[in-house]
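# Residue-level structure breakdown
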Amino acid sequence: MRYLRWIAPLTLLYMAITSNFELSNWVLGIILATAITFILRPAAPKPIVWRNFPLAFFGGIQFVLYLIWELLMSSIQVARIVLRRDIELKQGIFALPSGSRSETVTVLTAKAITVTPGELVVEIDKNGVMYTHSLDVEQSEKTAVSNQETRVRQLEQLFV
């Protein structure tokens, strides 16, 4: 019964996408939805702890504002690099420890790094070390650890 709430919407989505309402297509849709559900195995939802909500809410707002600030500053930095006549790029990849035991926090910080102009997380190893490509490695290595600590602190407030 727990999986039925996933199988039914996936089947309906399949039917809407294919626009073929024959019996054989319904059977195929149910089979595909069941297979997807059992392969991905949706986890049981965690109960909400309401006493942590204010801390999580403000942590989320802090993270979004910090991400916007990083996007703005990185965009200006990349624009300066591109608009200079003598482009001296010191590109490279450096290792950045995630600083969190939570996979969710590690992935979200990797996404935050990737969306900022001039940096891209290339790989995350099993220990949570993010290998990050940067247009200016020397500059990025100076600020990366403190920026990562800030992101991790804010996201861990969000996922208490």
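Figured I'd write up the structure that's included with this text. (Residues numbered from 1 in each chain as written. Predicted model: local features only at pLDDT ≥ 70, side-chain atom pairs only at ≥ 80, totals over all residues. Heavy atoms only, no water.)

## A short note on the overall build of the protein chain
The condition is simple: Numbering goes from the N terminus for both helices and strands, where a helix is a DSSP run of H or I of at least four residues and a strand is a run of E of at least two. Here the globule rule reads 2.2 Å times residues to the power 0.38, and the radius of gyration is calculated from C-alpha atoms. Under the scheme applied here, a residue whose accessible area is under 20% of the maximum for its type counts as buried, over 50% as exposed, and between as partly exposed, the area being computed with a 1.4 Å probe on protein chains only. Any two residues whose heavy atoms approach within 4.5 Å at even a single point are treated as in contact. Methods summary: accessible areas were calculated by the Shrake-Rupley approach with a probe of 1.4 Å, and residue burial reflects only the protein chains presented.
Assigned secondary structure in the protein chain consists of five helices and three strands. The order of α-helices and β-strands along the protein chain, N terminus first, is α-α-α-β-α-β-β-α. Scaling as 2.2 N^0.38, a compact globule of 160 residues should have a C-alpha radius of gyration of about 15 Å, whereas the protein chain reaches 22 Å, well beyond that. For the protein chain, buried positions account for 29% of its 160 residues. Contacts in the protein chain between residues far apart in sequence, at least 24 positions, make up 67% of those at least 6 positions apart. On the protein chain, roughly 11,300 Å² of surface is accessible, and the fraction owed to carbon and sulfur atoms is 65%.

## Quick word on the pattern of salt bridges
In plain terms, the rule: For this analysis, a salt bridge means a side-chain nitrogen from Lys or Arg found within 4 Å of a carboxyl oxygen belonging to Asp or Glu.
Considering all chains together, one arrives at two salt bridges under this definition. The partner of Glu70 in a salt bridge is Arg151, with the nearest N and O atoms 2.6 Å apart. Residue Glu70 is found in helix 3 (residues 53-83), and its partner Arg151 is found in helix 5 (residues 137-158); the two are separated by 81 residues along the sequence. The class for Glu70 is buried, based on a relative accessible area of 8%. The class of Arg151 is buried, set by a relative accessible area of 4%. Lys90 is the salt-bridge partner of Glu138, the closest N and O atoms lying 3.5 Å from each other. Of the two residues, Glu138 sits in helix 5 while Lys90 sits in the loop between helix 3 and strand 1 (92-97), which places them 48 residues apart along the sequence.

## So, the pairing of strand 2 (residues 119-124)
Going by this rule: A pair of strands is considered paired only if DSSP assigns at least 2 bridges between the two.
With five bridges connecting them, strand 2 and strand 3 (residues 129-134) associate as antiparallel partners. Each residue of the ladder has a partner; that of Ile124, found in strand 3, is Met130. Where strand 2 hands over to strand 3, the hairpin turn is made up of four residues, of which Gly128 adopts a positive phi near 90 degrees.

## Some details on the sheet that holds strand 3
Short version of the rule: Comment: axis = line fitted to C-alpha atoms, over the contacting stretch for helices; angle = value between 0 and 180 degrees taken between N-to-C directions.
Spatially, the three strands line up as an open sheet ordered 1-3-2, and their pairing is antiparallel. Each of the sheet's edge strands pairs with one partner strand only, and the pair in question is strand 1 and strand 2. Neighbour-to-neighbour, the strand axes of the sheet open up by a mean angle of 30 degrees, direction not taken into account. As paired elements, strand 1 and strand 3 share six bridges and run antiparallel to each other. What sits directly across from Leu96, in strand 3, is Met130. Contacts from helix 4 (residues 103-115) reach strand 1, strand 2 and strand 3 within the one sheet, and its direction differs from that of strand 2 by about 145 degrees.

## Concerning the side chain of Gln148
Basically, it comes down to this: In the analysis that follows, any N or O atom pair within 3.5 Å is treated as a polar contact, provided that within protein one partner can donate a hydrogen and the other can accept it, and provided that, for residues neighboring in sequence, both atoms belong to side chains.
If you trace the backbone, Gln148 turns up in helix 5. A distance of 2.9 Å separates a polar side-chain atom of Gln148 from the backbone oxygen of Ser98. For Gln148, the residues in contact, after removing those within four places along its chain, are Leu96, Pro97, Ser98, Thr109, Ile113 and Met130.

## Describing the nonpolar core
Our working definition: Take the buried Ala, Val, Leu, Ile, Met, Phe, Trp, Tyr and Cys residues and link them wherever side-chain atoms come within 4.5 Å; each set so joined is a nonpolar core.
If you look at the biggest cluster of nonpolar residues, it comprises eight residues: Phe94, Leu96, Ala110, Ile113, Val121, Met130, Val137 and Ala144. Elements that contribute at least two residues to this core include exactly strand 1, helix 4 and helix 5. Apart from residues no more than four positions distant in its own chain, Leu96 is found in contact with Ile113, Gly128, Val129, Met130, Thr132, Ala144, Val145 and Gln148. Judged by nonpolar contacts, the second largest core, of six residues, contains Phe63, Leu67, Val152 and Leu155.

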